[in-house]
Structure formats: structure tokens, C-alpha cells
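What the coordinates show
Okay, here's what each chain looks like letter by letter:
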Amino acid sequence: MIALFALLSYGAGHNAWSSPWLWAAALFVALALPRYSRFSNQVDERFCRLTAWVTAGRGARFALQFAFNLAMLGAMAWGGALDPDKLAIVGGVLALAALTTAASQGAQYVGLLLARYGVGEPMTNVQVGLSANIVATALASIGLAPAAEAYTVLALALGLLGFGSGLVSDLRGVLAPRGGVGLFFGTFNPVHRTHLALIERAITERRLAKVIVHPTLLTAGHRRAMEQGEIRIGRVENGYEVFEKTPHADPNVDYFPTGDRFLPPATRRDLIQAAVRERGLAGRVEVWFLPEVYAARGFLGIYREARRRFPGQALHVIHGSDWGGMQVRAIADDSGWHYPFAVRRRDDVSATAIRRGAKGLAPVCVELALERLANGEPAIVEPAVVTARETTGDIPQQDKQEKVHAHA
């Protein structure tokens, strides 16, 4: 659809229907855009993981998309599909590439923001925004000064909105006050040692009165895909519900960026509660499980519930720099004023590794529960079992100075 809009917009705007360069550019976009989008997401994710800063990922994505747009527009201008005199009104190919990149980034941000508030579907909103931006870019390039000026203002405003919102959020993390309530959202599939270390560090460094932990249930994306028949639960294996694509799945969509195996939500909740007790955090951590609120609005609804229950208190959103953590950060940024506690992940502890059979990465009670699940037994570890293990000295004492680096 985006390639078609590019062909029609530039073909009509520059009367370039017969230009092989225009047709070649449109064909290249149609073939390359899905892979480019995935690569762009990976670059964004990589920079976020290294820095835990939203602006780092967005800056890297901007640079990559600017290079892509500059190559496309430059090739069309060099091949005669675009009139250089008309392009001069908007500042030439370089300026037009920068403007369309800024507008594209802002349009994607707005599209995802609207989807989180229940307006449209994420991918549809993004495609509509990108298509509209292509039409607007083409209008700005046809030599009409009012159109060029209006697009310049729009592109700068959208670019500032997308990039500026992330920068403001990063700065809130740097200038965060002490005191208040921590919020820790995630899949916790299953909860592991680093999750607990992050909670302890946040409590200490931000002097939090308490931390609220809430696991995902069925995410909006998965629920939508299941309703549309694109994914399903194929089987249950070792206590995990294993999701799979159906023949109706979109081959260009990554439905399972954090894996396709999920412990049932209630099981993850119970494991978090057991891990919190084992770590000695029961008095400082509350595990929430609000299925009706989550089903209606996801973590946006949970955030609002926390705001309602703790009026006037600073809310600190705890998250790692991995893909899931940065997704939680994006939702929190769209939910309201909060103070990120962003943590650069530098260890090898992960739920993915635990699901693949790694040992020693989760609290003892969680590992016991997973062993029982694998044997077809109930997952819940009774407190008495944990206490018995403690008295024999089988539970290793976790290093209170685990190397979890945060910028606050």
C-alpha cells in the first residue's frame, strides 16, 4: 500500500508516469520495506538495550530511515522522476529527506499512541500515517510554496513530538524525586533473580514506600491476533501454553517477539508472590492481579488504577532495557507523568534461558515449581517447602550487590 501511494503521489505530482526510476523505486519499496522495517526495529532495540534511553533508539531509527529516504529521493531526482526546480522550493533532496523522516517518525508515534488509547489498530494506524506522509511529501515537492511551508511546519512538529516526548521521559528518569511508589510491569515468564534485584535497587535508590508488580495477561496484540484467527494455543508443554501461527498469519508480523511459550497468567502471579516471599520483600512489594482492568486497557489501565489508589504520590516505572522492558516504558510514557527507573541489562539472566532449561537463574521456589510443572504436578510451591529448603541451607544467598546498572 505504501509503495502504491508513492507511485501515485509522485507520478501525479511530477508527471513522471513514464519514468523507470519512479517505477523502480516503488517496486524496491514494495519488496524491501518489510525487511527494512524489521531491521529498523532491531537497530532501535539494540540502541535501547545498550543505553536504556528512549532517545538513543529513536535517534538510531531516525538516522537509518533518513538514509533510506535520501537514497530513494536521490535516485528518483537523479533519474529525472523528480523536478529539481520544484524540489528547490522545499530545500532540495536533502531537506525533503530530513522532513519526511521526521514526519514519518512522528506519524508512527501518534499512530501507536492512538492504538493504545483504543483508537484503531497499531499496524493499521502506522500504515495510514506513513501513507498520508508520502502524499504530503509529494505535495511539498511539486513546487507550491504554501504546500512546502505547511509541510515543513507539520514535519517539524511531528518530529519534535516523537523525539521530544522520549527525551523528556529520559530526563525525568535523571531528575526523579525520592519517595513514592514503584510500578513493575512485564510478562515475568517466569520471574527471575534479576527482576527481584531490580525491585530491591529501585526501593533503595528511589527510597520507595512500596513496589506494585503486575504480570501481563493476554496482551492486546495477542488477543487481536487470536480473534482474527492468526495465532492459537497449539499445545501445553511442561506447563507452558505454546502459541503458534495459523495459515491466516501475516508472514511479515513477528507475533512472538519475547517467545511463544507462556505460563498461564495466574501461575506467573503465584510464582511472583512466592519469589517475593523467598526474597524477604513481602512487606515492600504488592503483587496485583486485575484481570478486568487489564482486559479493558492493558497496562494503561493498571497504571491509571495505581494513580487512583496513590493520589499525589510519585510513580516510578521500573523496567529493563530489553525489548519487553522498553515496550513497558513506551506504554508508561503514554499513560501519564511518571519517573522511569531504567536499567541497562548487562547480565545473562533471562526468562528465555529459563524456559530453555537453564538452572540457577530463578529463585529456588520458582525452579521447584517449574520442576513440578514438567512432571505434570501443580505449580505452586507451598511456603513450608521453601522454609524446609532454607533450614537445610540449600537456598543460595543471592549477592545483594548484583551487577545491575541503572541510570536514575
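Structure first, text after, so check above.
Residues numbered from 1 in each chain as written. Predicted model: local features only at pLDDT ≥ 70, side-chain atom pairs only at ≥ 80, totals over all residues. Heavy atoms only, no water.

1. Re the environment of leucine 33
Test applied: What counts as a helix is a DSSP run of H or I of at least four residues, what counts as a strand is a run of E of at least two, and both are numbered from the N terminus. Whether two residues are in contact is decided by their heavy atoms: any pair within 4.5 Å suffices.
The topology assignment puts leucine 33 in helix α2 (residues 20–51). Sequence separation between leucine 33 and isoleucine 2 is 31 residues, and the spatial gap between their C-alpha atoms is 8.9 Å. Residues within four places of leucine 33 in sequence aside, it is in contact with Ile2 and Phe28.

2. Regarding the packing of aromatic side chains
To keep it simple, the criterion reads: Only Phe, Tyr and Trp rings take part, Trp by its six-membered ring, and two of them pair if their centres are within 6.5 Å. Stacked means planes under 30 degrees apart, edge-to-face means over 60, and tilted covers everything else. Relative accessibility thresholds used throughout: buried, under 20% of the residue-type maximum; exposed, over 50%; partly exposed, between the two (1.4 Å probe, protein chains only).
Counted according to the given criterion, the structure contains 12 aromatic pairs. When the ring of phenylalanine 184 is compared with that of phenylalanine 188, the centres are 5.1 Å apart and the planes differ by 90 degrees; the resulting orientation is edge-to-face. In this structure phenylalanine 188 comes out as buried when scored by relative accessible area, which is 3%. Centre to centre, the rings of tryptophan 337 and tyrosine 339 are 6.4 Å apart; their planes meet at 85 degrees, and the pair counts as edge-to-face. Residue classification places tyrosine 339 among the buried residues on the basis of a relative accessible area of 17%. The rings of Phe243, Tyr255, Phe256 and Phe262 are connected pair by pair, giving a single aromatic cluster.

3. A few points about helix α14 (residues 364–374)
Of all 11 residues in α14, 8 are buried, a share of seventy percent or more. The complete set of buried residues in α14 reads Val364, Cys365, Val366, Glu367, Leu368, Ala369, Leu370 and Leu373. Remark: glycine 376 follows α14 within two positions and exhibits a positive phi of approximately 80 degrees.

4. Here's the deal with unusual backbone geometry
The omega torsion of the bond from asparagine 189 to proline 190 falls at 5 degrees, within 30 degrees of zero and hence cis. Residue placement: proline 190 occurs in the loop between β1 (181–186) and α8 (193–206). Phi at arginine 207 takes a positive value of approximately 55 degrees, unusual for a residue other than glycine. Residue class for arginine 207 comes out exposed when judged on its relative accessible area of 60%. For asparagine 238, which is not glycine, the phi torsion reads 55 degrees and is therefore positive. Among the secondary structure elements, asparagine 238 is positioned in the loop between β3 (231–237) and β4 (240–245).

5. A few points about the side chain of glutamate 305
Looking at the secondary structure, you find glutamate 305 in helix α11 (residues 291–309). In contact with glutamate 305, not counting residues within four places along its chain, are Trp288 and Leu290.

6. Let's talk about the environment of valine 174
Examined against the element boundaries, valine 174 turns out to sit in helix α7 (residues 145–174). Along the primary structure valine 174 and alanine 342 are separated by 168 residues, whereas in three dimensions their C-alpha atoms are 9.5 Å apart.

7. Some words on the pattern of salt bridges
Think of it this way: side chains of opposite charge can pair up when their charged atoms draw near. The criterion, for reference: Any carboxyl oxygen of Asp or Glu that lies within 4 Å of a side-chain nitrogen of Lys or Arg is treated as forming a salt bridge with it.
Scanning the model with the defined rule gives 17 salt bridges in all. Arginine 116 is the partner of aspartate 334 in a salt bridge, and the nearest nitrogen-oxygen pair spans 2.3 Å. Taken together, the residues span a long stretch of sequence, with aspartate 334 in helix α12 (residues 323–335) and arginine 116 in helix α5 (residues 92–116) at a distance of 218 residues. Judged by its relative accessible area of 25%, arginine 116 is partly exposed. Measuring nitrogen to oxygen at the nearest pair gives 2.5 Å for the salt bridge that ties arginine 308 to glutamate 305. Taken together, the residues arginine 308 and glutamate 305, both in helix α11 and 3 residues apart, mark about one turn of the helix. The exposed category is assigned to arginine 308, whose relative accessible area is 57%. A residue is classified by how much of its surface remains accessible, and glutamate 305, at 12% relative accessible area, is buried. Where salt bridges share partners, they join Asp170, Arg172, Arg329 and Asp333 into one cluster.

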